[in-house]
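Fold and geometry: a report
Chain by chain, the residues:
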Amino acid sequence: MLAASDRTAIVAPGDRYTAFTGALVDVLANGLDEGPDTISAELLYQEARRRLGPLPQPVLASNRQVDRSVALARNPAYRPR
């Protein structure tokens, strides 16, 4: 996933990743409660942005030919209803 910002990336002291990368890793590792069984590129991006809260929001850079609805990973928090 490629996302861009015109601002400097934020890394808190002691953090392993930038804020946005950390949010991406968190979504993939912990999943989305009440979410679908798979995580698409679009859902991953939207949820990572949500988890950033008030921090600067990167802009998704994608080719229009890319299908962002394709599943990238299983949702580890998925529970069938």
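Residues numbered from 1 in each chain as written. Predicted model: local features only at pLDDT ≥ 70, side-chain atom pairs only at ≥ 80, totals over all residues. Heavy atoms only, no water.

To continue, consider helix α1 (residues 19-30). Look at α1: 16 Å from first C-alpha to last across twelve residues, which is about the 16 Å you get at 1.5 Å a residue. Residues Phe 20, Ala 23, Leu 24 and Val 27 constitute the buried set of α1. Looking straight down α1, one finds that the buried residues subtend no more than 100° of arc, so they occupy a single side. The first or second residue beyond α1 is Gly 31, which carries a positive phi of 75°. (Helix = DSSP H or I, 4+ residues; strand = E, 2+ residues; numbered from the N terminus. Expected span 1.5 Å × (residues − 1). Buried < 20%, exposed > 50% of the residue type's maximum accessible area, 1.4 Å probe, protein only. Arc of directions from axis to C-beta.)

Our focus in this paragraph is helix α2 (residues 41-52). Helix length check: α2, at twelve residues, gives a terminal C-alpha distance of 17 Å against a target of 16 Å (1.5 Å per residue), a fit within 8%. Of all the residues in α2, the buried ones are Ala 41, Leu 44, Tyr 45, Glu 47, Ala 48 and Leu 52. Where α2 is buried, its residues meet α1, β2 (38-40), β3 (59-60) and β4 (71-74). One or two steps after α2, the chain reaches Gly 53, where phi turns positive at roughly 65°. (Contact = heavy atoms within 4.5 Å.)

A word on the confidence of the model for the protein. Mean pLDDT over the protein works out to 86, with 86% of the residues at or above the 70 mark. Looking across the protein, the model is least confident in strand β1 (residues 3-4), with a mean pLDDT of 56, and most confident in β2, with 96. (pLDDT = per-residue confidence, 0-100.)

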